[in-house]
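The chain contents come next:
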Amino acid sequence: MSVVIVGGGIGGLATALSLHAAGMTDVVIAEAAAELRPLGVGINLLPHAVRELAELGLYDRLAEIGVATGELAYYNRHGSPIWSEPRGLRAGYRWPQFSVHRGRLQMLLLAEVRRRLGEAAVRPDHTLTGFHQEGGTVSARFTTAGGESELTGDVLVGADGIHSTLRALLYPDEGPPPWNGLVLWRGVSRARPFLSGRSMIMAGDGTAKFVAYPIQDATPGLVNWIAERPVDEAVARGDWNRSVEPAEVLRHFGDWRFDWLDVPRLISAAEAVYEYPMVDRDPLPRWSHGRVTLLGDAAHAMYPIGSNGASQAVLDARVLAYELAVGRSPEQALSAYEERRRPVTTALCLANRGMGPEVVMRIAHERAPDGFADIEDVIPMAEREAIAAAYKRTAGFDPRLLNERPSYGVAPA
């Protein structure tokens, strides 16, 4: 079976590796950028995604470039603890949670695709303009620096992000991604470890929020941070490349100092700060059309809550490869892939719009806006545990269910 993938991000590269592992070697990735570079900031790979990448033979490489997160802790605006829980191996998973630089992860996957599938498997400078299906094949048209190009395969996969061209061709009236009025500022700073040295923290009141976690084991190492709050003025919809000065963020977070973390100092140490609106996409009624389907953010862009964006794209990739490999026709395989993945990601998108597990910060602020002496008087432990457990089930990384679930791997014929 031959597959054309539009988009050379994490989802597209993971799809190519998953297809190759299942015995499909006629795979091409068409990427609009003229050169793939290690862009972005930090992301998290949850245990369910780490499992899939480990089964693709990438565990040791992930451990080299990332930090195995030890705990996730929520605090209120004043730095008082609301909830904390172990993560990864410490939480009973068979696989860790890794915090990594997105660009380094992408370059790792890119190198593996080229090593396993050959240099020609990745075609930069290919901008999708259209496609057509006929006679059991699907052909995609692209513009390149040299003119026009066409790639033909049995299946066409759109893994081209929140501004997916393929999605726009399937749903031309959808318009830009909706914005909820919040803006994110993201940066990576060299800083000393805080708390356990492997802690991922979130502090806030349900409106303004600050997130930080290490993405490099060193002293000092690299710490990824995110500052979030509402803004009145409109910002560019979904442009990760818009940079701002740290002073812009410090206007809003300049007094966020805790005993265990100096937030202004961390912000000031960033080499670059990127501004991004909190946008997602409304869930679609359908991803697959004949031999064409969507994957990752192109299918289900969601708010960056719960550390699920990249992880869900990896899961999409593995399930898609599994369904294509088990002997069904392409149309049946895409239908089965969508049947498995679309309800899950739809529920997750909607859960993230409700703030997912981060809702504990809002609840704590609503019930105790001036702070508290004992969180048990504000949100009892049973309520906090129920919120965390419900999100894990929705996102598919409940420890017991994940540990016992059969593999998505398929041995090549």
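Our subject is the structure listed above.
Below: a short report on this structure. It should be emphasised that the depicted structure is a prediction, and the values quoted were computed from it without experimental measurement.

**Points about the overall build of the protein chain**
Each helix and strand in the protein chain was counted, giving 13 helices and 21 strands. What you see for the protein chain is a C-alpha radius of gyration of 21 Å, in line with the 22 Å of a compact globule of 413 residues. Out of the 413 residues belonging to the protein chain, those deemed buried represent 55%. For the protein chain, restricting intrachain contacts to residue pairs at least 6 apart in sequence, the fraction spanning at least 24 positions comes to 74%. Per element, the accessible surface of the protein chain, about 16,700 Å² overall, is 48% carbon and sulfur. On the protein chain, the mean spot of the 42 positive side-chain charges and the mean spot of the 50 negative ones are 3 Å from each other.

**A look at the nonpolar core**
The biggest cluster of nonpolar side chains holds 78 residues, and the ones touching the most others in it are Ile5, Leu45, Leu109, Val113 and Leu324. Among the elements that make up this core, the one with the highest residue count is helix H9 (residues 309-325) (eight residues). Sequence-distant contacts of Leu109, that is, excluding residues within four places in its chain, are made with Ile10, Leu13, Leu17, Leu53 and Leu58. In this structure, Tyr74, Ile162, Ile387 and Ala388 belong to the second largest nonpolar core, which totals 34 residues.

**Here's the deal with the sheet that holds strand S12 (residues 155-158)**
Here we have five strands laid out as an open sheet, ordered S8-S2-S1-S12-S21, and parallel in their pairing. Of all the strands in the sheet, the pair left with one neighbour each is strand S8 (122-123) and strand S21 (292-294).

**Some remarks on the pattern of salt bridges**
If you walk through the whole model with that rule in mind, you get 31 salt bridges. Across the pair Arg77 and Asp255 runs a salt bridge whose closest N-O atoms are separated by 3.2 Å. Of this pair, Arg77 sits in the loop between strand S5 (71-75) and strand S6 (81-86) while Asp255 is found in the loop between helix H6 (246-253) and strand S18 (257-258), placing the two residues 178 residues apart along the sequence. One salt-bridge network, held together by shared partners, links Arg51, Glu52, Glu55, Arg318 and Arg405.

**Notes on the sheet that holds strand S9 (residues 127-134)**
The three strands are arranged S9-S10-S11 in an open sheet whose pairing can be described as antiparallel. Pairing within the sheet leaves two strands with one partner each, and these edge strands are S9 and strand S11 (147-153). Recorded for the sheet is a direction-independent mean angle of 20° between the axes of neighbouring strands. Summarising the sheet, strand S10 (residues 137-144) and S11 pair through seven bridges and their orientation is antiparallel. By the bridge assignment for S11, Ser139 is matched with Thr152.

**Some details on the packing of helix H2 (residues 47-55) against H9**
Contact geometry of H2 with H9 gives a least axis separation of 8 Å together with a crossing angle of 45°. When the interaxial angle is binned, H2 and H9 end up oblique. Both H2 and H9 take part in a crossing whose hand is left-handed. Residue-level inspection shows His48, Ala49, Glu52, Leu53 and Glu55 of H2 in contact with H9, the latter providing Ser311, Gln312, Val314, Leu315 and Arg318.

**Quick look at the environment of Met24**
With respect to the element layout, Met24 can be found in the loop between helix H1 (10-21) and strand S2 (26-30). Exposure remark for Met24: the relative accessible area of 6% places this residue in the buried category. The spatial distance from the C-alpha of Met24 to the C-alpha of Pro230 is 46 Å, given a sequence separation of 206 residues. Excluding anything up to four places from it in sequence, Met24 contacts Met1, Leu19, Leu117, Ala321, Leu324 and Ala325.

**Notes on the packing of H1 against H9**
Running from amino to carboxyl end, H1 crosses H9 at an angle of 30°, the nearest separation of the two axes being 8 Å. The orientation of H1 relative to H9 falls into the category roughly parallel. The two elements H1 and H9 meet at a crossing, and its hand is right-handed. For the pair H1 and H9, the contacting residues are Ile10, Gly11, Ala14, Thr15, Ser18 and Leu19 in the first and Ala310, Ala313, Val314, Ala317, Arg318, Leu320, Ala321 and Leu324 in the second. Tallied by class, residues from the contact of H1 with H9 come to ten nonpolar, three polar and one charged.

Basis of the calculations
- Residues numbered from 1 in each chain as written.
- Predicted model: local features only at pLDDT ≥ 70, side-chain atom pairs only at ≥ 80, totals over all residues.
- Heavy atoms only, no water.
- Helix = DSSP H or I, 4+ residues; strand = E, 2+ residues; numbered from the N terminus.
- Rg over C-alpha atoms; globule rule 2.2 N^0.38 Å.
- Buried < 20%, exposed > 50% of the residue type's maximum accessible area, 1.4 Å probe, protein only.
- Contact = heavy atoms within 4.5 Å.
- Areas by Shrake-Rupley, 256 points an atom, 1.4 Å probe, with all protein chains shown as cover.
- Lys, Arg positive; Asp, Glu negative; His and termini not counted.
- Charge placed at Lys NZ, Arg CZ, Asp CG, Glu CD.
- Core = buried A, V, L, I, M, F, W, Y, C linked by side-chain atoms within 4.5 Å.
- Pairing = 2+ DSSP bridges.
- Salt bridge = Lys/Arg side-chain N within 4 Å of Asp/Glu carboxyl O.
- Axes fitted to C-alpha atoms, helices over the stretch in contact; angles between N-to-C directions.
- Parallel < 35°, antiparallel > 145°, perpendicular 65-115°, else oblique.
- Left-handed = near helix turned anticlockwise from the far one by under 90°.
- Nonpolar A, V, L, I, M, F, W, Y, C, P; charged D, E, K, R; others polar.

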